[in-house]
Amino acid sequence: MSMLSLIGRESPIFESDIQEQGLSLNQLVAEGRYLVIGGAGTIGQAVTKEIFKRDPQALHVVDISENNMVELVRDIRSSEGYGTGDFRTYAIDCGEVEFEALMASEGPYDYVFNLSALKHVRSEKDPLTLMRMIMVNVFNTLKTLRLAKKSGAKKYFCVSTDKAANPVNMMGASKRIMEMFLMRESLTQNISMARFANVAFSDGSLLHGFNQRFAKRQPFSAPNDVKRYFMTPQESGELCLLSGLLGNNRDIFFPKLREKLHLITFSEIAVRYLQERGYEPYECGSEDEARDRAEELIADNQWPCYFFKSDTTGEKDFEEFFTDNEDLDMQRFDTVGVIRNQADFDEGDLDDFMDGIESLRAKGTWIKDDIVELYFGLLPEFAHKETGKYLDQRM
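Thresholds applied
- Residues numbered from 1 in each chain as written.
- Predicted model: local features only at pLDDT ≥ 70, side-chain atom pairs only at ≥ 80, totals over all residues.
- Heavy atoms only, no water.
- Buried < 20%, exposed > 50% of the residue type's maximum accessible area, 1.4 Å probe, protein only.
- Helix = DSSP H or I, 4+ residues; strand = E, 2+ residues; numbered from the N terminus.
- Pairing = 2+ DSSP bridges.
- Right-handed = clockwise from strand over helix to strand, strands pointing away.
- Axes fitted to C-alpha atoms, helices over the stretch in contact; angles between N-to-C directions.
- Contact = heavy atoms within 4.5 Å.
- Nonpolar A, V, L, I, M, F, W, Y, C, P; charged D, E, K, R; others polar.
- Core = buried A, V, L, I, M, F, W, Y, C linked by side-chain atoms within 4.5 Å.

**Let's talk about the pairing of strand β2 (residues 58-62)**
Look at any regular strand and the pattern is simple: side chains alternate between the two faces of the sheet. Taken across its five residues, β2 has five buried, putting it largely inside the fold. Here strand β1 (residues 33-37) pairs with β2 via five bridges, running parallel. In the strand pairing of β2, isoleucine 37 is matched with valine 62. Taking the sense of rotation as the criterion, the β-α-β connection linking β1, helix α4 (residues 42-52) and β2 turns out right-handed. Looking at chain direction, β2 and strand β3 (residues 86-90) are connected through five bridges and run parallel. Each bridged residue has a counterpart across the sheet, and for valine 61 the counterpart in β3 is threonine 89.

Here it is in structure tokens:
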């Protein structure tokens, strides 16, 4: 099964720029020491593999997912082999003292790639998970950046998201806030970022869920009115590598919208997925019908599907990688656009946000509205879309 065909494409996005910049990328990797934070997630694994295959002097990977880290190592050993550099993984939390000890004992690193994040729109369903999202996406980013800076890192890269452009959900807004804090940090540490589309079949995504539902012989459920851009895991790793190694201070990279990257609905991908596996999708009128008829339909070479119009909190009507007031460089690369940023920030607003979050945590109790209010302090234009329904209430 071709992942590209499932997401409606025929060829990779960044092939021309990876070839054009190949010698520079290879040389920079081969001469450097690398640390990848959040390296066991889908994007983190892709970045790790892009670095490993160019044979760095050292490549250390940190993630709290012990099992995914094991699979990362097995994958690399089974595909790329061993290389000549120092490759090690650590099942530790970048927000804890063990990470500080790692930086002190194994650093310095030339390049630090931070791919750790709470990435799901559903993470705003309760104030506790929402608070952890802020701590991971904003506070841990600042902590790891400052440790990298202290050890003399040449560059700090952090992944952002297309949802940071005119955000409508708390996850996208947390990444936009992260970008704002990094503008302040860029005065003393070179940084770059990337915004990109949904990564097809990434851990926890709806497409990854298709694999799980198929293996468990369960119904497919997907919105039929939500269109998204999709990239492959390898493409996500390539974009991060291009930004992390070739981006100027404060640059945010994003994929150019061309014929190679277009919008597609989740329901359309579900239909293609099932047809490629020899099943005819059967549209049911409700979740109950899809569940109740699953065994019967699958035995008849049909697969129960429930397609619906989206009505959950935080779903954006359309995707965009940049806003009208951002300064774009569309000439530097063939397939990648660049948002050029000045170090514009309001010191008082940033400090008020941090103080507000720390105050809520110190109290030990808070509600979602408390956090939303702090978001508006930094993002007065934040178009939060609250419907009272969340993805956990969907099949």
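Moving on from the coordinates now.
**As for the packing of helix α7 (residues 127-150) against helix α15 (residues 368-378)**
Between α7 and α15, the shortest axis-to-axis distance is 9 Å and the interhelical angle comes to 35°. Listed contacts from α15 to Pro127, Leu130, Met131, Met133 and Ile134 of α7 are Lys368, Ile371 and Tyr375. Here the contact of α7 with α15 is built from residues that sort into seven nonpolar, no polar and one charged.

**A look at the sheet that holds strand β4 (residues 111-114)**
Read across the open sheet, the nine strands follow the order β3-β2-β1-β4-β5-β6-β11-β16-β15; overall the sheet is mixed. The open sheet terminates on both sides in strands that have one partner only, identified here as β3 and β15 (327-329). Here the average twist between neighbouring strands, direction ignored, is 20°. Bridge count between β1 and β4: four bridges; the pairing is parallel. Within the sheet, the bridge partner assigned to tyrosine 34 lies in β4 and is tyrosine 111. Here α7 sits on the sheet in contact with β1, β4, β5 (155-159) and β6 (191-194), set at roughly 165° to β5. In this fold helix α8 (residues 170-185) packs onto β5, β6 and β11 (251-255), with an angle of close to 160° to the strand it touches most, β6.

**Some points on the nonpolar core**
Proteins that are soluble and globular tend to have nonpolar side chains buried together. Core analysis: the largest hydrophobic core is formed by 93 residues, its most contacted members being Phe99, Phe113 and Tyr375. Of all the elements, α7 adds the most residues to this core, at twelve residues. Non-local contacts of phenylalanine 113, meaning those with residues more than four positions away in its chain, are made with Tyr34, Leu35, Val36, Ile37, Val47, Ile51, Phe157, Cys240, Leu241, Gly244 and Leu245. Among the nonpolar cores identified, the runner-up in size contains 22 residues, and Phe220, Ile269, Trp303 and Cys305 belong to it.

So, to be careful, I would describe these as geometric facts and stop short of saying anything about function.
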